[in-house]
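Notes for the structure review
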Amino acid sequence: MFKFQHPGEAHLESMKSPSGQDRAAKDQALPTKLYRRRWVIVILFSCYSLCNAFQWIQYSIINNVVMKYYNVASFTIDWLAMIYFVVYIPIIFPVTWLLDKKGLRVIALCGCGLNCCGAWIKIASVRPDLFAVTFFGQTVCGIAQVFILGMPSRIASVWFGSHEVSTACSIAVFGNQLGVAVGFLVPPILVPNVDDLDQLTYHINVMFYGTAAVATMLFILVILVFQEKPDIPPSQAQAAIHASPLLDYSYIQSILQMIRSAPFFLLIVSYGINTGSYYAVSTLLNKMVLTHYPGEELNAGRIGLTIVVSGMVGSIICGIWLDKTQTYKNLFQTTLTGNNIQTTLAVYFLSFTGMVVFTFTLSLGHVWVVFLTAGILGFFMTGYLPLGFEFGAELTYPESEGTSSGLLNESAQVFGIIFTISQGKLIDHFGTVAGNIFIFVFLLVGTILTALIKADLRRQRANMLHNTRLASKAEEGICSSIILNEAAL
């Protein structure tokens, strides 16, 4: 059903068996260079991704306060987060097409500019009868997210060497996670639960003006600093793509070929389940915590912060682990069975385990226990995000990393909508345990699907083939030198 010839296979095969004049050219090292600017690019991206992620969650964590101010239902406030998922689904395809046609700088300008625009629109919505305006501003921020969410692996590949792409991807994802963390922590502090609407108006204005100021500053920095790509590619894999002859390119055909790949299709579904679960838990966290701990709005934000901060640690550790070991497939090898345990499978299974523990400790009545179990959940659930991006880039090389990340995030948005609505309804009618059981059952399904993924690491193979070829050439040169010296004697 899923059998097909990946477009990169022809390229990889040509690297294995060049002929004629191409053989001589391919035996030479393609020029590569690492620029210091790469760190500026990834950190700047991480910062405006942070700002956008903050705006995603800033309403949900003070759900009860926003309900009171705008006099709307809790489910309506949930839609302020879910609108990010909804707009992503139709817009990601033209955005990834634009990325392929115009490159990273245009995408960065669009994403950061729309994020800034949405922040200023929200300032005009600070009045109890203007909920529609705040929803419109949030929709603009959601559109901005489409230009941001799938870019980490593309930036890592375009700017960073083969030994540091996973770390760079983790740093890029780190900004988004940090934004969610700030979104959990800051709104409950800036917008306390007070009954006076005039005071609420003042506090909401403070939050919105602060966000708009940061978004504006970042947009100016992107205009001045953000560069499309380095003059010389950073890795042999990127150099090989640049050196390949330009062929007719079909964006639609590229997408179809990706989803027909059995390993990548399984990754799309499993990634969507994991990330959709994370979105649902983050959106409904305020509701879950306040159900068992009334009046604990600040602690609800701090628990969310714990989930995300522990996840950021997990992301960085996963990224460094992959760069040091290059073991997307083999985390370790059991001496008894000889079976290889996938890195993705290990992290995914621990995400499932963390969700189970969180579910059955939430109602124990001890807030410190919730902090502990939420931290365990976050470490693995959000630590999986950059791993999934980089795994997708490996499985689909030499296709655009923006397209593969876009498909992964498309799946995440679909599952995020389904899970948020379903879990929210289950919590309302049957309680938090029923809602969380719904989530961890799907995480178990995702774990099984992850176990079925065949790790076909095309990007690594491209780098290894080139390095092997150069080593062979060097060995031939040494042997020739020895023969000539012996002949001279």
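Provided above is the structure to which this section pertains.
For every chain, the first residue of the written sequence is number 1, and numbering continues from 1 onward in sequence order. Reporting of local features is limited, given that this is a predicted model, to residues whose pLDDT is at least 70; pairs of side-chain atoms are given and counted only at 80 or more, and all residues count toward the totals for whole chains, interfaces and linings. Note that the side-chain values use all heavy atoms of the structure and ignore hydrogens as well as water.

**A closer look at the packing of helix 3 (residues 37–57) against helix 10 (residues 197–225)**
Quick reminder of the rule: Between N-to-C directions, angles cover 0 to 180 degrees, with each direction set by a line fitted to C-alpha atoms, over the stretch in contact for helices. Helix and strand assignments follow DSSP, with helices taken as H or I runs no shorter than four residues and strands as E runs no shorter than two, numbered in order from the N terminus. Working rule for angles: under 35 degrees goes down as roughly parallel, over 145 as roughly antiparallel, 65 to 115 as roughly perpendicular, anything else as oblique. By definition, any crossing whose near helix is turned counterclockwise from its far helix by less than a right angle is left-handed, and any crossing with a clockwise turn is right-handed. Only heavy atoms matter for contacts: two residues are in contact if any of them lie within 4.5 Å across the pair. Note on residue classes: Ala, Val, Leu, Ile, Met, Phe, Trp, Tyr, Cys and Pro are nonpolar, Asp, Glu, Lys and Arg are charged, and everything else, Gly too, is polar.
At their nearest, the axes of helix 3 and helix 10 sit 10 Å apart, and the two run at 155 degrees to each other. The angle between helix 3 and helix 10 places the two elements in the roughly antiparallel class. As helix 3 packs across helix 10, the resulting crossing turns out to be left-handed. On helix 10, the residues touching Arg37, Val40, Ile41, Leu44, Cys47, Tyr48, Cys51, Phe54 and Gln55 of helix 3 are Met207, Thr211, Val214, Ala215, Leu218, Leu221, Val222 and Val225. Residues of the contact of helix 3 with helix 10, tallied by class, amount to 14 nonpolar, two polar and one charged.

**Quick notes on the side chain of asparagine 274**
We count it as follows: Burial classes follow relative accessibility: with a 1.4 Å probe on protein chains only, a residue under 20% of its type's maximum area counts as buried, one over 50% as exposed, and anything between as partly exposed.
Topologically, asparagine 274 is positioned in helix 13 (residues 262–292). Residue asparagine 274 is classed as buried on the basis of its relative accessible area, which comes to 0%. Those residues in contact with asparagine 274 that sit more than four places away from it in its chain are Tyr348, Ser351, Met381, Tyr384 and Leu443.

**Some words on the pattern of salt bridges**
Filter applied, for reference: Salt bridges, as used here, are contacts in which a Lys or Arg side-chain nitrogen is within 4 Å of a carboxyl oxygen on Asp or Glu.
Overall, the coordinates contain four salt bridges when judged by the stated rule. Linking aspartate 78 and lysine 287 is a salt bridge whose minimum nitrogen-to-oxygen distance equals 3.7 Å. Taken together, the residues aspartate 78 in helix 5 (residues 74–102) and lysine 287 in helix 13 connect sequence positions 209 residues apart. The pair formed by aspartate 78 and lysine 287 is uniform in burial state, with each residue classed as buried. With a closest N to O distance of 3.6 Å, aspartate 428 and lysine 287 form a salt bridge. Taken as a pair, aspartate 428 in helix 18 (residues 401–430) and lysine 287 in helix 13 lie far apart in primary sequence, 141 residues in all. Judged by its relative accessible area of 17%, lysine 287 falls in the buried class. By sharing partners, the salt bridges in this structure join Asp78, Lys287 and Asp428 into a single network.

**A few points about a nonpolar patch on the surface**
For clarity, the threshold we go by: Only residues whose relative accessible area exceeds 30% and that take part in no salt bridge are eligible for patches, with like-charged residues grouped when within 9 Å of each other and nonpolar side chains (Val, Leu, Ile, Met, Phe, Trp, Tyr) grouped when within 5 Å. Using a 1.4 Å probe, the Shrake-Rupley method yields the accessible areas, and only the shown protein chains count as cover for residues.
Nonpolar side chains collect at one region of the surface, where Phe360, Val433, Ile437, Val441 and Val445 lie side by side and expose about 360 Å² of accessible area between them. Sorting elements by how many residues they give to the nonpolar patch places helix 19 (residues 432–451) first, with four residues. Along the chain, valine 441 falls in helix 19. When its relative accessible area of 42% is taken as the criterion, valine 441 is described as partly exposed.

**Structural notes on empty space enclosed by the protein**
Quick reminder of the rule: Lining residues are defined by having an atom within 4 Å of a point belonging to a cavity or pocket. Those points lie on a 1 Å grid over the protein atoms alone, cavities being sets where a 1.4 Å probe fits but cannot get out and pockets being open sets with protein on both sides within 12 Å along at least five of seven lines. Grid points are joined across faces, edges and corners, and a volume is the space filled by probe spheres set on the points.
Inspection of every chain in the model, using the stated rule, returns six cavities of 30 Å³ or more. At the level of secondary structure, the elements contributing two or more residues to the lining of the largest cavity comprise helix 3, helix 9 (165–190), helix 13 and helix 17 (384–396). Of all the elements, helix 13 adds the most residues to the lining of the largest cavity, at four residues. Of the pockets and cavities examined, the second largest cavity occupies roughly 90 Å³.

**Observations concerning the environment of isoleucine 316**
With respect to the secondary-structure elements, isoleucine 316 resides in helix 14 (residues 297–325). For isoleucine 316 and proline 386, which are 70 residues apart along the polypeptide, the C-alpha to C-alpha distance reads 8.7 Å. Contact partners of isoleucine 316, with chain neighbours within four places excluded, come to Ser170, Ile171 and Phe174.

**Some words on the packing of helix 5 against helix 7 (residues 131–146)**
Helix 7 packs onto helix 5 with a crossing angle of 40 degrees between their chain directions and a minimal axis gap of 8 Å. It follows from the interaxial angle that helix 5 and helix 7 lie oblique. For the element pair helix 5 and helix 7, the recorded crossing hand is right-handed. Counted together, Thr76, Ile77, Trp79, Leu80, Ile83, Tyr84, Val87, Tyr88, Ile91, Ile92 and Val95 of helix 5 and Phe131, Thr134, Phe135, Gln138, Thr139, Cys141, Gly142, Ile143, Gln145 and Val146 of helix 7 form the full contact between these two elements. A per-class count over the contact of helix 5 with helix 7 returns 15 nonpolar, six polar and no charged.

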